[in-house]
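# Structure assessment
What follows is each chain in one-letter form.
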Protein chains: 2
Amino acid sequence: MYELGSARIRKGKKHVAQEDSGGGTGGQQGTSMSLEDLRGFRILLTCAQVVGGILVLLVAIWTISYRGGFAWRSNPGLEFNWHPLLMTIGMIYLYGNGILMYRTLRNMRKRSLKITHASVLFAAFALSSIGIIAAFDSHNLADPPKPNLYTLHSWFGIITFTGFTLQWVGGLVTFLYPGLASHIRAAALPVHMYFGLVLFIMACTSAVLGLAEKAIWTLGAQYASYVNEGLLMNQIGLLIFLFAFIVIYLVTHLPYKRQPRPEDENLLTGLSD
Amino acid sequence: MYELGSARIRKGKKHVAQEDSGGGTGGQQGTSMSLEDLRGFRILLTCAQVVGGILVLLVAIWTISYRGGFAWRSNPGLEFNWHPLLMTIGMIYLYGNGILMYRTLRNMRKRSLKITHASVLFAAFALSSIGIIAAFDSHNLADPPKPNLYTLHSWFGIITFTGFTLQWVGGLVTFLYPGLASHIRAAALPVHMYFGLVLFIMACTSAVLGLAEKAIWTLGAQYASYVNEGLLMNQIGLLIFLFAFIVIYLVTHLPYKRQPRPEDENLLTGLSD
């Protein structure tokens, strides 16, 4: 998974990759002849998209049908509903798809791929920021105001969002603009990938913590009567992790790794990545 | 991470491993010359043990000092306290250490290593079973009895424990006794490793879900006043994931992977693994 500093020889099935002469493509040192083996990739990717789509749909159904839909500061109670919807779209669905991009857009040029990866994750950041404002507003504008940042969900959430933001800025500066020297990029990539996955797991954990806390507060004793809303919230929680584990498999299964393309190699101009 | 079916060439620092002739050591195909690079391993392992130790200690302090200590069926309210303590020891600390065993006991013979791995995980299973009985008892023996399995924590927990049990039995049958043919073991190993990590993350998520639910139920409005017990419970939740992420790094960072030892190779007798 994080074996980015090694060369590999593999008997694969498809996509004979060119010899990799290192550089910024992930810290490969020395020479390698790597082959991609994409068996099972498409079906798993389809599963991820179906599960992710159903997940977002169920959160929308929950917030609209059970929680009264949306408002902004005129009604802090309804403003809150933006929080679970936007965080699910931003920090689960878009985050997962942003991570997957080096698998899904494997034939895109490296630089365009990086820009797309950064853009999708910026969209995740933007939607999540609005979602976080909605959560704070729903506390601060309530009558009387409610305290902030005392639950496990809020601690996990703030740490995750801060880490995600630092990771995005760090990724931009290191890999895209201005872009650091190739040996620094090579050393930073495994760190970027490790924390990318750690923060994604943290995001999913934050999400289910939020669901659990909300279910107890809003449903109270009804939760113990297996009411539909409680069952729906529990199912949403399981779907978040089903989505996450398919995404994690797709990005950690090395035969699915995008191998360097001929057009990535542009050592003279340094524009290759 | 799951690139077990490939040969690797690596410039390493230590532990020049012997040529791997495949078999049941993890599905390596063809030849490889692999080197272990253990820089940073000991310090990270120490961190994992310190964090794991503090975690168990804090759960003990919480259950004893804040929740009144332990009883069995004579007092279902206190019987419950075995649940967080035993689940933390079993499904977090022992589970994490069981996963780590192929890194920590890297010079042990392969067969002894497998038996130790299975034994530690059986201990995790046994302690967790008692912990789960304590949780059900605290509901069923309460006056009036409380419903079971309606919260997100309980759903995650039951799925995780069922998966963990199936994984243990599957691992025993496949790799240890009776032990299946070497090509089946080789094919099963990446599946065993993937689900081992997935279920470990699920266990950690179940644990923080339990903490979050318990904090709201027992502390109520006090939770919002940043009382010591609430802060302690939140800190326990963060430590669980700190422990998990160090363990996950240690087991997924490929240079830390135990390479086959000369004594593993015993193709004639088939006892090598």
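Given the structure is predicted, the values throughout are model-derived calculations rather than measurements.

Cut-off values and rules
Residues numbered from 1 in each chain as written. Chains lettered and ligands numbered in written order. Predicted model: local features only at pLDDT ≥ 70, side-chain atom pairs only at ≥ 80, totals over all residues. Heavy atoms only, no water. Helix = DSSP H or I, 4+ residues; strand = E, 2+ residues; numbered from the N terminus. Areas by Shrake-Rupley, 256 points an atom, 1.4 Å probe, with all protein chains shown as cover. Least-squares fit on C-alpha atoms with pLDDT ≥ 70 in both. Contact = heavy atoms within 4.5 Å. Salt bridge = Lys/Arg side-chain N within 4 Å of Asp/Glu carboxyl O. Buried < 20%, exposed > 50% of the residue type's maximum accessible area, 1.4 Å probe, protein only. Buried area = accessible area lost by both parts, 1.4 Å probe. Polar contact = N/O pair within 3.5 Å; in protein donor to acceptor, adjacent residues only side chain to side chain. UniProt positions renumbered as here; feature names shortened; annotations may be inferred. Expected span 1.5 Å × (residues − 1). pLDDT = per-residue confidence, 0-100. Phe/Tyr/Trp six-rings, centres within 6.5 Å; stacked < 30°, edge-to-face > 60°. Lys NZ or Arg CZ within 6 Å of the ring centre and 35° of its normal.

All right, on to the overall build of chain A then. A tally of regular secondary structure across chain A gives seven helices and three strands. Order of helices (α) and strands (β) in chain A, N terminus to C terminus: β-β-β-α-α-α-α-α-α-α. With the model as given, the accessible surface of chain A reaches about 11500 Å², and the carbon-plus-sulfur share is 68%.

It takes a turn of 180° to lay chain A on chain B, together with a shift of 0.0 Å along the axis; the resulting RMSD is 0.0 Å. Such a turn and shift between the copies fits a two-fold axis. Mapped onto chain B, 100% of the interface residues of chain A are again interface residues, and the two copies thus contact each other with one and the same surface.

Moving on, we come to the pattern of salt bridges. Evaluated as defined, the whole model comprises ten salt bridges over all chains. For D37 of chain B, the salt bridge is made with R39 of chain B, and the minimal N-O distance between the two is 2.7 Å. The exposure class of D37 of chain B is buried, given its relative accessible area of 4%. A salt bridge links R67 of chain B to E229 of chain B; its shortest N-O distance comes to 2.7 Å. Residue R67 of chain B is located in the loop between α1 (41-66) and α2 (76-79), and its partner E229 of chain B is located in helix α7 (residues 228-252); the two are separated by 162 residues in the primary sequence. Looking at E229 of chain B, the relative accessible area reads 7%, which means it is buried. Residues joined in a network through salt bridges with shared partners are E36, R106 and R261 of chain A.

Bringing the interface of chain A and chain B into the picture now. Contacts between chain A and chain B engage 47 residues on the former and 47 residues on the latter. Buried area between chain A and chain B, both sides added, is near 4400 Å², and the carbon and sulfur share of it is 73%. The interface formed by chain A and chain B contains zero salt bridges. Where chain A packs against chain B, one counts eight residue pairs in polar contact (both at pLDDT 80 or more). Looking at the side of chain A that touches chain B, the element that brings in the most residues is helix α6 (residues 182-219) of chain A, giving twelve residues.

With that out of the way, let us pick up the UniProt feature "domain: Cytochrome b561" (unreviewed entry) in chain A. Listed under "domain: Cytochrome b561" (unreviewed entry) in the UniProt record, and renumbered for this structure, are residues 47-252 of chain A. Between the end C-alpha atoms of residues 47-252 of chain A there is a gap of 16 Å, over a span that is 81% helix and 0% strand.

Between Y177 of chain A and the following residue, P178 of chain A, the backbone shows a cis peptide bond with an omega angle of 5°. Tracing the chain through its elements places P178 of chain A in the loop between α5 (152-176) and α6. Omega for the peptide link from D143 of chain B to P144 of chain B comes to -5°, which places this bond in the cis form. Looking at where P144 of chain B falls in the secondary structure, it is placed in the loop between α4 (110-140) and α5 (152-176).

What follows covers α1 of chain B. All names here are of chain B. Here α1 is 26 residues long and its end C-alpha atoms lie 36 Å apart, about the 38 Å a rise of 1.5 Å per residue gives. Here α1 has its buried residues at F41, L45, A48, V51, G52, L55, V56, L58, V59, A60, W62 and T63. Backbone geometry just downstream of α1 places G68 in the positive-phi region, at approximately 90°.

All names here are of chain B. You can see N97 is positioned in helix α3 (residues 82-104). Sequence spacing of N97 and L239 is 142 residues, and the spatial spacing of their C-alpha atoms is 15 Å. Among all residues touching N97, those that are not within four sequence positions of it are Q49 and F243.

All names here are of chain A. Tracing the backbone shows I130 in helix α4 (residues 110-140). Judged by its relative accessible area of 38%, I130 is partly exposed. Sequence separation between I130 and P144 is 14 residues, and the spatial gap between their C-alpha atoms is 23 Å. If we skip the residues at most four places from it in the chain, I130 touches W72 and L86.

This next bit is on the confidence of the model for chain A. All names here are of chain A. For chain A, per-residue confidence averages 88 on the pLDDT scale, and residues scoring 70 or more make up 84% of the total. With pLDDT under 50 throughout, residues 1-33 is counted as low confidence; its partners more than four residues away or in other chains account for 102 contacts. With pLDDT under 50 throughout, residues 267-273 is counted as low confidence; its partners more than four residues away or in other chains account for twelve contacts. As scored by the predictor, the complex reaches a pTM of 0.88 and an ipTM of 0.88.

Our focus in this paragraph is the packing of aromatic side chains. In the structure shown here, the tally under the stated rule is 32 aromatic pairs over all chains. Between F70 of chain A and W82 of chain A the ring centres are 4.3 Å apart and the planes differ by 25°, which places this aromatic pair in the stacked class. A residue pair is termed long-range when its members are at least 10 positions apart, and F70 of chain A in the loop between α1 (41-66) and α2 (76-79) and W82 of chain A in helix α3 (residues 82-104) qualify at twelve residues. Judged by its relative accessible area of 27%, F70 of chain A falls in the partly exposed class. Among the aromatic side chains, those forming a connected cluster through ring pairs are F41, Y249 and Y256 of chain A together with Y194 and F195 of chain B. Of note, R106 of chain A hangs over the ring of F41 of chain A, and the distance from its end group to the ring centre comes to 5.6 Å.

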